[in-house]
Amino acid sequence: MSAPRSDGLVFFGASGDLVYKKIFPALQAMMRRGHLEVPVVGVARSEWTLEQFRARARESLEQHGGVDEAAFSKLRERLRYVRGEYGDPATFAALRQALGGATRPLHYLAIPPSLFATVVQGLGRSSCAQARVVLEKPFGRDLPSAQALNATLHTVFDESSIFRIDHYLGKEPVQNLLLFRFANTFLEPIWNRNYVEGVQITMAESFGVQGRGRFYEEAGAIRDVIQNHMLQVVGFLAMEPPATTYHESIRDEQVKVFRMIRPLHPEDLVRGQFRGYRKEEGVAPDSAVETFAAVRLHIDSWRWDGVPFFIRAGKCLATTTTEVLVTLRRPPLSRLCPGHTNYVRFRLSPDVTIAIGARVKRPGEQMDTEPTELKVVHHPDGEELDAYERLLGDAMAGDATLFAREDAVEAAWAVVQPIRGTATPVREYEPGSWGPPEAVALTAEIGGWQCPT
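All residue numbers refer to positions counted from 1 along the written sequence of the respective chain. Local features in a predicted model are, by the rule used here, given only for residues with pLDDT of at least 70; side-chain atom pairs are given and counted only at 80 or more, and totals for whole chains, interfaces and linings are based on all residues. Values shown for side chains rest on all heavy atoms present in the structure; no hydrogens or waters enter the calculation.

Caption draft 1: Representation of the overall build of the protein chain. Secondary structure elements follow DSSP: runs of H or I no shorter than four residues count as helices, runs of E no shorter than two count as strands, and numbering proceeds from the N terminus. Broken down by element type, the protein chain carries eleven helices and 15 strands. Values of the radius of gyration come from C-alpha atoms, whereas the globule rule sets the reference at 2.2 Å times the count of residues to the power 0.38. For 453 residues, the compact-globule estimate of 2.2 N^0.38 gives 22 Å, and the C-alpha radius of gyration of the protein chain, at 24 Å, lies within 12% of that figure. Accessible area is worked out with a 1.4 Å probe on protein chains only. A residue is then buried under 20% of its type maximum, exposed over 50%, and partly exposed in between. Looking at the 453 residues of the protein chain, the share that counts as buried comes to 52%. Should any heavy atoms of two residues lie within 4.5 Å, those residues are considered in contact. Within the protein chain, contacts between residues separated by at least 24 positions form 76% of all contacts whose residues are at least 6 apart in sequence. For the area figures, the Shrake-Rupley method with a 1.4 Å probe applies, and any residue is considered shielded solely by the protein chains shown. Of the roughly 20,400 Å² of accessible surface on the protein chain, 52% is carried by carbon and sulfur atoms.

Shown next, in the form of structure tokens:
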């Protein structure tokens, strides 16, 4: 039997940037599709009236995607606002009243992680805990804090009611990785150590920290994207086929991959920091926080033994893109294509491309080859679900497939735990480059990094 749908939607931190930039546009989209027929309650410390909260919602839509007057009119009438401190029982009493007849709401914690425990315990003491709860990453700062957070959550909520949101998993191109792998027969025979030489995953941003220096000082590239976003991509690329008859099978297979990844050691890591980062507002003048990280992963499985997986992510790099490149081993008759291999390429952003690199005969008398790509480019039609719209709808329906499970979070932290902090030096690199030169040595065994254009 399917789980009952949530009959209310509550946002703690309703006056914050996340709700302003992402949640209000997602709510309007859900309303436009007829997917939001419940009260929507914002909870925050800001001294606002309900009309001010509604005005904030409209301003958000004007700045992020535009106002659909028909949909917003309906959303506006469903909005409620509760002002209060998160540690005050009166706040939760007012929330219970604002929910009206809703008995199984979804609580979204769009608040700093330091407040998670306060709100969860407040919900536990109130009559609002027969519910689901959504948390934004980071899920802890390391393995011990992730385990402590999970223990706190479980004092009030069952694991089946906890939805750890990583918006990256809600993106269409990321889900396409999974579908492309398992919906096409031709890929499976070569998707293993016998044919794959190496896997490179690049998440590059051409911009810097954009005024968020204080946040980045607490995060860094490893905690911000590698421990979560990039390992999720590795999971989709490396997992075994999920059983179609069991709703947890996709998450089960991802966890298996994480547990088979060897914990990282300093020799598997190069950290970098773009020149000028220490002059950013909120950044320490002697900061050793990385704005770039490149890692080499080893997956100890029958399918992937001996195949290196490389991840690099950074700011102020040569371009803004996210791309996966799976390079295949060279064919035996290498004299026909010396130094060249086939590959499968997934461009996840800004455009969405799936391409297969092949060699064809170069026109002329010589038996020579030239590269070509068999390529599919996806052009969004405007009707696709935004990541937050999709994930909100899934959480309300009780579908946790695209959310991080407790064991997956802890297994991912176990991979990066040995390289946290200053286990390796931070190397300076020039803005607009591909990171510190030392990162090149990581991929020497497969001929170096392939840089997206």
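Next, the rest of the story.
Caption draft 2: Region of interest: the packing of helix H8 (residues 213-238) against helix H9 (residues 249-260). The interhelical angle for the contact between H8 and H9, taken along N-to-C directions, is 105 degrees, at an axis separation of 9 Å. Of the possible angle classes, the one that applies to H8 and H9 is roughly perpendicular. Counted together, Leu231, Gln232, Val234, Gly235, Phe236 and Ala238 of H8 and Ile250, Gln254, Val257 and Phe258 of H9 form the full contact between these two elements. Think of it as three bins: nonpolar holds Ala, Val, Leu, Ile, Met, Phe, Trp, Tyr, Cys and Pro, charged holds Asp, Glu, Lys and Arg, and polar takes everything else, Gly as well. In terms of residue class, the contact of H8 with H9 is built from seven nonpolar, three polar and no charged. A fitted line through C-alpha atoms represents every axis, and for helices the fit uses only the stretch in contact; the resulting angles, taken between N-to-C directions, go from 0 to 180 degrees. Angles are sorted into four bins: roughly parallel if under 35 degrees, roughly antiparallel if over 145, roughly perpendicular if 65 to 115, and oblique for all others.

Caption draft 3: Fine view of the sheet that holds strand E2 (residues 40-44). Any two strands with at least two DSSP bridges between them are considered paired. With parallel pairing, six strands are arranged side by side in an open sheet as E3-E2-E1-E4-E5-E6. Unpaired on one side and paired on the other, strand E3 (79-83) and strand E6 (162-165) mark the two borders of the sheet. Across this sheet, the average inter-strand angle for adjacent strands is 20 degrees, counted without regard to direction. Relative to E2, strand E1 (residues 9-12) is paired through four bridges, and the arrangement is parallel. Looking across to E2, one finds that Phe11 is bridged to Gly42. Docked against the sheet, helix H2 (residues 50-63) engages E2 and E3, running at close to 120 degrees with respect to E3. Against the sheet, helix H5 (residues 116-125) engages E1, strand E4 (106-109) and strand E5 (132-136), with an angle of about 160 degrees to E4.

Caption draft 4: Summary view of the sheet that holds strand E8 (residues 269-274). If you trace the nine strands from one edge of the open sheet to the other, you get E14-E13-E12-E11-E7-E10-E9-E8-E15, paired in mixed fashion. The sheet is open, and its two edges are formed by strand E14 (369-378) and strand E15 (426-429), each paired on a single side. Sheet twist, expressed as the mean angle between neighbouring strand axes with direction ignored, is 20 degrees. Sheet topology places strand E7 (residues 196-204) next to strand E11 (residues 321-328); eight bridges connect them, and they run antiparallel. Paired with Ile201 across the strands is Val324, a residue of E11. The strands touched by helix H7 (residues 172-182) within the sheet are strand E12 (343-349) and strand E13 (352-361), with E12 carrying the most contacts at an inclination of about 150 degrees.

Caption draft 5: Spotlight on unusual backbone geometry. The linkage connecting Ser349 with the following residue, Pro350, adopts the cis geometry, with an omega of 0 degrees. By secondary structure assignment, the location of Pro350 is in the loop between E12 and E13. Despite not being glycine, Cys316 has its phi angle at roughly 55 degrees, a positive value. When you line up the elements, Cys316 lands in the loop between strand E10 (308-314) and E11. With a relative accessible area of 11%, Cys316 lands in the buried category.

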